[in-house]
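# Chains, contacts and geometry: an overview
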Amino acid sequence: MRAKKIRLVTVLAASLALALTGCGREGGPGGGEPQVQQNVAQNVQVQGSPTFDRMKQKGRVTIGVKEDQPGLGFRDPVTNQYSGFDIEVARLIAAQLGFDPNTQIDYKPIPSTAREQAISTGEVDYYVGTYTINDKRKEQISFAGPYFMAGQDLLVRADNTDITGKESIKGKKVCSATGSTPIQRVKQDQLTEPQNIVEFQRYSECVQQLLDRQVDAVTTDDAILKGYAAQDPDKLKVVGKPFSEEPYGVGLAHDDSALRNKINDILEQAATNGEWKRVYDGTLGKSGSSAEPPKVDRY
């Protein structure tokens, strides 16, 4: 029974991703037509950036992403193509760095717990995947952005009437991804008891636990939760009001200020010339939820 449910969730997620971003979207070399066409910048120089030098030497860019977040970062299990808002932001950056997003990107799915290590070791050149900017992470890596502002919320079963917001999850089993900002907030704010906190590597595993009635709620950013609720509205819903601000940033090597400044320039330009809105409207915007680009925080 569990295996059947997992397959069902996978199929539903694939359907949502196709609905949000269209069929046959870009998945690296050999991928389908991308959702948002990008003009590739020519003769790009980023003086003093070892990461950019490495990318130029390879002739490609390796981008860390999520693969199980419909509407944000999702890999189609049939076509292996990636789609979603985060994917399109990653493509926009690559194009403005001079790399063709249709032929010169390698996507590398990295779980939340391994992001800092993957960036620090050069396993990925940069990371775009619902990555909240905070001071603790800045001790190991750096961030460009933010490029999106989300907020922590709760996903419950559609028939649940007990949970209406963060004040009502005391005594309830709450699930989130190991190493994520949301699960740390649940612990620090003691929103539920330690024995009621459940952690997995992926949010999709938490959602399956919710459907199996093994946990009472899944908590993470509202953008992620709305994607899961939309794929199965008869069984899942998002409740309460967001109880945090989660600025999503582009994760970069700690000392590569040159590349950070360049990507900040790219994000600011996208916000002012309409590219950010075009990317958003082609992905998350199809959910009916509007958004505006946040102000880039340079440091």
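Residues numbered from 1 in each chain as written. Predicted model: local features only at pLDDT ≥ 70, side-chain atom pairs only at ≥ 80, totals over all residues. Heavy atoms only, no water.

### Things to note about the sheet that holds strand E8 (residues 152-157)
Two strands in a sheet stick together by hydrogen bonds in their backbones, pointing the same way (parallel) or opposite ways (antiparallel). One open sheet holds the 5 strands; their spatial order is E10-E9-E11-E8-E12, and the pairing between them is mixed. Edge positions in the sheet fall to strand E10 (197-200) and strand E12 (236-239), since each of these pairs with one other strand and no more. The sheet shows a mean angle of 30 degrees between the axes of neighbouring strands, taken without regard to direction. Pairing geometry for strand E9 (residues 174-177) and E10, over 4 bridges, is parallel. Across the sheet, the residue bridging to Val174 is Ile197, located in E10. Set on the sheet, helix H6 (residues 181-188) makes contact with E8, E9, E10 and strand E11 (217-221); between it and E10 the angle comes to about 160 degrees. (Pairing = 2+ DSSP bridges. Helix = DSSP H or I, 4+ residues; strand = E, 2+ residues; numbered from the N terminus. Axes fitted to C-alpha atoms, helices over the stretch in contact; angles between N-to-C directions. Contact = heavy atoms within 4.5 Å.)

### Section: helix H3 (residues 85-96)
When the terminal C-alpha atoms of H3 are compared, their 17 Å separation across 12 residues agrees well with the 16 Å that a helix rising 1.5 Å per residue should span. Along H3, 11 of the 12 residues are buried, which leaves the element largely enclosed by surrounding structure. Turning to H3, its buried residues are Phe85, Asp86, Ile87, Glu88, Val89, Ala90, Arg91, Leu92, Ile93, Ala94 and Ala95. Where H3 terminates, the next one or two residues include Gly98, which has phi positive at roughly 100 degrees. (Expected span 1.5 Å × (residues − 1). Buried < 20%, exposed > 50% of the residue type's maximum accessible area, 1.4 Å probe, protein only.)

### Considering the packing of H3 against helix H9 (residues 257-273)
One can describe the packing of H3 onto H9 by two numbers: an axis separation of 10 Å at closest approach and a directional angle of 115 degrees. In this view, H3 runs roughly perpendicular relative to H9, as classed from their interaxial angle. Classified by chirality, the crossing of H9 by H3 is right-handed. Counted together, Val89, Leu92, Ile93 and Gln96 of H3 and Lys262, Ile263, Ile266, Leu267, Gln269 and Ala270 of H9 form the full contact between these two elements. Looking at the contact of H3 with H9 residue by residue, the class counts come to 7 nonpolar, 2 polar and 1 charged. (Parallel < 35°, antiparallel > 145°, perpendicular 65-115°, else oblique. Left-handed = near helix turned anticlockwise from the far one by under 90°. Nonpolar A, V, L, I, M, F, W, Y, C, P; charged D, E, K, R; others polar.)

### Details of the environment of Phe52
Locating Phe52 in the fold gives a position in helix H2 (residues 50-58). Its relative accessible area of 3% is what places Phe52 among the buried residues. Residues Phe52 and Asp256, 204 residues apart in the sequence, show an inter-C-alpha distance of 9.2 Å. Excluding its chain neighbours within four sequence positions, the residues that come into contact with Phe52 are Val44, Gln45, Val46, Leu97, Phe99 and Asp256.

### Section: the environment of Leu155
The topology assignment puts Leu155 in strand E8. Here Leu155 falls in the buried class, since its relative accessible area comes to 0%. Sequence separation between Leu155 and Ile224 is 69 residues; the distance between their C-alpha atoms is 9.7 Å. Beyond its immediate stretch of four places on either side in the chain, Leu155 contacts Val207, Leu210, Asp216, Ala217, Val218, Leu225, Tyr228, Ala229, Leu236, Lys237 and Val238.

### Brief notes about empty space enclosed by the protein
Empty space left among the atoms is revealed by rolling a probe the size of a water molecule over them. This structure, assessed with the given rule, holds 3 cavities of 30 Å³ or more. Of the volumes computed, that of the largest cavity is approximately 60 Å³. Along its surface, the largest cavity is lined by Lys66, Ser112, Arg115, Thr130, Thr132, Arg137, Ser180, Thr181, Pro182, Tyr203, Thr220 and Asp221. Secondary-structure elements contributing two or more residues to the lining of the largest cavity are H6 and E11. When the residues that make up the lining of the largest cavity are grouped by side-chain class, the tally is 2 nonpolar, 6 polar and 4 charged. (1 Å grid on protein atoms, 1.4 Å probe; cavity = no way out; pocket = protein on both sides within 12 Å on 5 of 7 lines; lining within 4 Å. Points joined across faces, edges and corners; volume = space filled by probe spheres on them.)

### Focus on the pattern of salt bridges
Summed over all chains, the structure comprises 17 salt bridges. Arg157 is paired through a salt bridge with Asp216; the nearest N and O atoms lie 3.9 Å apart. Of this pair, Arg157 sits in strand E8 while Asp216 sits in the loop between helix H7 (203-211) and E11; the two residues are 59 residues apart in sequence, bridging distant segments of the chain. What makes Arg157 buried here is its relative accessible area of 10%. For the salt bridge of Glu275 with Arg278, the shortest nitrogen-to-oxygen distance reads 2.8 Å. Within this pair, Glu275 and its partner Arg278 are both found in helix H10 (residues 275-281), separated by 3 residues, close to a single helical turn. (Salt bridge = Lys/Arg side-chain N within 4 Å of Asp/Glu carboxyl O.)

### Considering the state of the cysteines
According to the stated counting rule, one finds 1 disulfide in the structure shown. The disulfide bridge from Cys175 ends at Cys206, spanning 2.1 Å between sulfur atoms. For the disulfide bridge between Cys175 and Cys206, the dihedral angle about the S-S bond is near -65 degrees, and by the sign convention the bridge is left-handed. Of the two residues, Cys175 is situated in strand E9 and Cys206 in helix H7; the sequence distance between them amounts to 31 residues. Residue Cys206 is classed as buried on the basis of its relative accessible area of 0%. (Disulfide = S-S within 2.5 Å.)

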